[in-house]
Amino acid sequence: MGNTVAREDFEWVYTDQPHADRRKEILAKHPEIKALMKPDYNLVWVVVLMVLAQLTAFYLVKDLDWKWVVFWSYVFGSCISHSMTLAIHEISHNSAFGNSKAMWNRWFGIFANLPLGLPYSISFKRYHMDHHRYLGGDGIDVDIPTNFEGWFFCTRFRKFIWIVLQPFFYAIRPLCINPKPITRLEIINLLAQLSFDVVIYYLWGVKSIFYMLAGSVLGLGLHPISGHFIAEHYMFLKGHETYSYYGPLNLLTFNVGYHNEHHDFPNIPGKSLPLVKKIAAEYYDNLPQYNSWIKVLYDFVMDDTISPYSRMKRQLKGEVKQD
């Protein structure tokens, strides 16, 4: 239970990320994929329905016993909250209204953020674009754990705790690795969120607020859907930086499991990523892949050769342009 993992540093690589080259090759062979580079307007209605579902839940839990508030926070609220973070991920790529209406996407992201309880959407977009441009970039890609995380969370028990605390590390890590000046939109995101939270508390009380915040924290921590955090880029096989998952939880996560496809074509909405895989099957079928996020979480904790250090990291060259 307390064995220390073998890895003591990240896997430093001195090559560019593979996705840009593969994208060029696929488009040269399958130019029809360009037709999929368009907004998914259905995303708008799905997000609106999810917000309404959570508003209904806030009302329904306000008079329940605390044990049932906790129960529904994990069983239902956590799923909706985590799904909404992945809707915000889609919106960050301008999938709701397209690149020509970028600000519409930013405002819609703030709206989608409301049932999460904590401001998230605008800051996520800024850092997530860096993750795509500079995958594994030292000091830029805040999806890479800190050295402290790699050093400290090095036993099975500590890795389990790290998974439980994932939402806190994702919130704090940007401030440690790559702090950015606060923007006007981030202030608006914060004020809109605080106003919404105050209204929910005034209307329905502390149990609704607890359900909202607990669902967000639990949904991003020890939860089956959270397997995608580990599955996407942690190096279970040496030399492979990005992994796809083709299991049923893609139905709740806007196909974020199609992660090789997503990094190859970040301007294609999640709805169309299965079609990308089908069209360019010769590029994806033989890449390492998963069919269970729960097994990914289990293997991460129990495999003593895997830890937060199990990521490819690269020293960036030339000019770095951040959002």
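As annotated in an unreviewed UniProt entry, the protein is Sphingolipid delta(4)-desaturase DES1 from Smithornis capensis.

Once that is clear, we can look at the UniProt feature "transmembrane region" (unreviewed entry) in the protein. Within this numbering scheme, the UniProt entry marks residues 43-61, 68-87 and 107-124 as carrying the feature "transmembrane region" (unreviewed entry). In the segment residues 107-124, helix accounts for 61% and strand for 0%; the C-alpha atoms at its two ends are 14 Å apart.

We note that N94 has phi near 65°; this positive angle belongs to a residue other than glycine. With respect to the helices and strands, N94 occurs in the loop between helix 3 (66-92) and helix 4 (102-113). Under the relative-accessibility criterion, N94 is labelled buried at 12%. The backbone of N255 sits at a positive phi, close to 60°, despite the residue not being glycine. The residue N255 is located in the loop between strand 2 (244-245) and helix 12 (259-264) in this model.

This brings us to the packing of helix 5 (residues 121-133) against helix 9 (residues 184-204). For the pair helix 5 and helix 9, the least separation of the axes is 8 Å and the interaxial angle reads 145°. Of helix 9, the residues touching helix 5 (which contributes S121, I122, S123 and R126) are L185, E186 and N189.

Between its first and last C-alpha atoms helix 10 (residues 206-219) spans 19 Å; for 14 residues at 1.5 Å apiece the expected length is 20 Å, and the two agree. Here helix 10 has its buried residues at K207, S208, I209, Y211, M212, A214, G215, S216 and G219.

Evaluation of the coordinates by the stated rule reveals 15 salt bridges. Note that K62 and D63 form a salt bridge whose closest N and O atoms lie 2.8 Å from each other. D63 gets classed as exposed once you look at its relative accessible area, which sits at 63%. Across the pair D138 and K313 runs a salt bridge, and its minimum N-O distance is 3.2 Å. Taken together, the positions of D138 in the loop between helix 5 and helix 6 (147-152) and K313 in strand 4 (residues 312-314) put the pair 175 residues apart, joining distant regions of the chain. Since its relative accessible area comes to 30%, D138 is described here as partly exposed. Here the residues in one salt-bridge network are D130, R133 and K180, joined through shared partners.

Within helix 15 (residues 293-302), the full set of buried residues consists of W293, V296, L297, F300 and V301. All buried residues of helix 15 lie within an arc of 125° about the axis, which places them on one face of the element. Along helix 15, exposed side chains directed more than 90 degrees from the buried face belong to I294 and Y298. Against helix 7 (156-164), helix 11 (227-233), strand 2 and strand 3 (289-290) lie the buried residues of helix 15. By the N-cap criterion, in which a side-chain oxygen at the helix start approaches the backbone nitrogen of a residue two or three places on, helix 15 is capped by S292, the distance to I294 being 3.4 Å.

Take the side chain of Q54 next. Within the fold, Q54 resides in helix 2 (residues 42-61). Once residues lying within four places of it in the same chain are set aside, the contact partners of Q54 are F76, G77, I80, S81, P115 and Y211.

If you look at the biggest cluster of nonpolar residues, it comprises 38 residues, and the most contacted ones within it are V47, M84, W162 and F300. Looking at this core, the elements with two or more residues in it are helix 2, helix 3, helix 4, helix 7, helix 11 and helix 15. Non-local contacts of W162, meaning those with residues more than four positions away in its chain, are made with P145, E149, F153, F169, R173, I230, Y234, F300 and P308. Grouped together as the second largest cluster of nonpolar side chains are 14 residues, L27, F265, Y283 and Y284 included.

Together, W68, F71, W72, Y74, V75, F76 and L218 make up an exposed nonpolar region whose accessible area comes to about 610 Å². Sorting elements by how many residues they give to the nonpolar patch places helix 3 first, with six residues. With respect to the helices and strands, the residue W72 is situated in helix 3. Residue classification places W72 among the partly exposed positions, given a relative accessible area of 37%.

According to the stated counting rule, one finds 25 aromatic pairs in the structure shown. For the ring pair Y170 and F229, a centre distance of 4.8 Å and an interplane angle of 35° mean the geometry is tilted. One end of the pair, Y170, is in helix 8 (residues 166-177); the other, F229, is in helix 11, with 59 residues separating them in the sequence. Of the residues examined, Y170 reaches a relative accessible area of 24% and is grouped as partly exposed. For F229, a relative accessible area of 12% corresponds to the buried category. Across from the ring centre of W104, 4.3 Å away, lies the NZ or CZ of K101, which sits over that ring.

Basis of the calculations
Residues numbered from 1 in each chain as written. Predicted model: local features only at pLDDT ≥ 70, side-chain atom pairs only at ≥ 80, totals over all residues. Heavy atoms only, no water. UniProt positions renumbered as here; feature names shortened; annotations may be inferred. Helix = DSSP H or I, 4+ residues; strand = E, 2+ residues; numbered from the N terminus. Buried < 20%, exposed > 50% of the residue type's maximum accessible area, 1.4 Å probe, protein only. Axes fitted to C-alpha atoms, helices over the stretch in contact; angles between N-to-C directions. Contact = heavy atoms within 4.5 Å. Expected span 1.5 Å × (residues − 1). Salt bridge = Lys/Arg side-chain N within 4 Å of Asp/Glu carboxyl O. Arc of directions from axis to C-beta. Polar contact = N/O pair within 3.5 Å; in protein donor to acceptor, adjacent residues only side chain to side chain. Core = buried A, V, L, I, M, F, W, Y, C linked by side-chain atoms within 4.5 Å. Patch = residues over 30% accessible without salt bridge, like charges linked within 9 Å, V, L, I, M, F, W, Y side chains within 5 Å. Areas by Shrake-Rupley, 256 points an atom, 1.4 Å probe, with all protein chains shown as cover. Phe/Tyr/Trp six-rings, centres within 6.5 Å; stacked < 30°, edge-to-face > 60°. Lys NZ or Arg CZ within 6 Å of the ring centre and 35° of its normal.

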